[in-house]
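# Residue-level structural notes
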Amino acid sequence: MVPGMWGAPLKSISAFLPPSATQDFDLSTVNFGTTATGTSSTGKQKKYYEIFHERGTPKGFDPYYDYEEGLAAAKELGKPVLIDFTGWNCVNCRKMEANVWTDPKVATLLREEFVMVELFVDDRTELSPEEQYVSEYSGKRIRTIGAKNSDFQASVFNSNSQPLYVIVDAEGNVLIQPSGADYNVNSYAAYLKSGIDAFKGNL
């Protein structure tokens, strides 16, 4: 753990650490060259940005936190969307972020080829009254951001495990089979590239 005192990533115990976004200094991201702006493609403040970005998003990435907003950006930018179903308490999510997303080839693909959408399924922030609804899938009253994202994952993708990575086009059409955690860097990079190829093949 000594290297961690100087900002080195502690990959062997990353699953038990807080999200990397909470670290003040992280050597694994110093060459990313991407500064999060907090603004959408329309220049507006990203929805839920203040809730998730500083505490939840790995340094060097600048995702959306609302699915519809991410789709709109993807349509404008002409890119596929990578949906990352994640959670504050997701051990495997932290391991993917620390061990796989920090790899230069994976990080480059994520940052340059996709519009990323991070959806936290266990966040307890209450939705505004007009955003709350009764789920057609479960019949439950959906009152929080996490419950909304969890309901979306379960009802559309028939899954309730995290992480779940889903690559879709700007219309929300799934391009390739969704993937769970994959700690093999080359395999995960190949998954991302296959999503890019499927997207370009549909243009």
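Description of the structure in this document. Note that this is a predicted model, so its numbers are computed, not measured.

A separate point is the packing of aromatic side chains. Under the definition given, this model contains 14 aromatic pairs. Seen in terms of ring centroids, Tyr188 and Tyr191 are 5.9 Å apart; in terms of plane orientation they differ by 35 degrees. Their pairing is tilted. Of this pair, Tyr188 and Tyr191 are both found in helix 6 (residues 185-201), three residues apart, which corresponds to roughly one turn of the helix. Assigned by exposure class, Tyr188 and Tyr191 land together as buried. Members of the aromatic cluster, joined through ring pairs, are Tyr48, Tyr49, Phe52, Tyr65, Trp88 and Phe120. For the cation-ring pair, Lys46 lies above Tyr64, with the distance from its terminal atom to the ring centre recorded as 4.4 Å. The ring of Tyr183 carries the charged tip of Lys95 above its face, separated from the ring centre by 4.3 Å.

A few words now on unusual backbone geometry. Here the bond from Gln162 into Pro163 is cis, since omega is 0 degrees, no more than 30 degrees from zero. One can find Pro163 in the loop between helix 5 (145-157) and strand 5 (164-168). For Tyr48, which is not a glycine, the phi torsion comes out positive at approximately 70 degrees. One can find Tyr48 in the segment before helix 1 (49-56). Unlike most non-glycine residues, Asn158 shows phi in positive territory, near 50 degrees. Among the structural elements, Asn158 can be located in the loop between helix 5 and strand 5.

What follows covers the nonpolar core. In a soluble, globular protein the nonpolar side chains are often hidden away together inside. Ranked by internal contacts, the top residues of the largest apolar core, which has 23 residues, are Leu82, Trp101, Val106, Leu110, Ile167, Tyr188 and Leu192. Taken together, the elements giving at least two residues each to this core come down to helix 4 (104-113), strand 5 and helix 6. Sort the elements by how many residues they give to this core and helix 6 lands first, with eight residues. The contacts of Ile167, once residues within four sequence positions are left out, are Pro80, Val81, Leu82, Phe114, Asn173, Val174, Leu175, Ile176, Tyr191, Leu192 and Gly195. Core analysis: the next-biggest nonpolar cluster, separate from the first, contains 18 residues, Tyr67, Ala74, Val81 and Leu119 among them.

Calculation criteria
- Residues numbered from 1 in each chain as written.
- Predicted model: local features only at pLDDT ≥ 70, side-chain atom pairs only at ≥ 80, totals over all residues.
- Heavy atoms only, no water.
- Phe/Tyr/Trp six-rings, centres within 6.5 Å; stacked < 30°, edge-to-face > 60°.
- Helix = DSSP H or I, 4+ residues; strand = E, 2+ residues; numbered from the N terminus.
- Buried < 20%, exposed > 50% of the residue type's maximum accessible area, 1.4 Å probe, protein only.
- Lys NZ or Arg CZ within 6 Å of the ring centre and 35° of its normal.
- Core = buried A, V, L, I, M, F, W, Y, C linked by side-chain atoms within 4.5 Å.
- Contact = heavy atoms within 4.5 Å.

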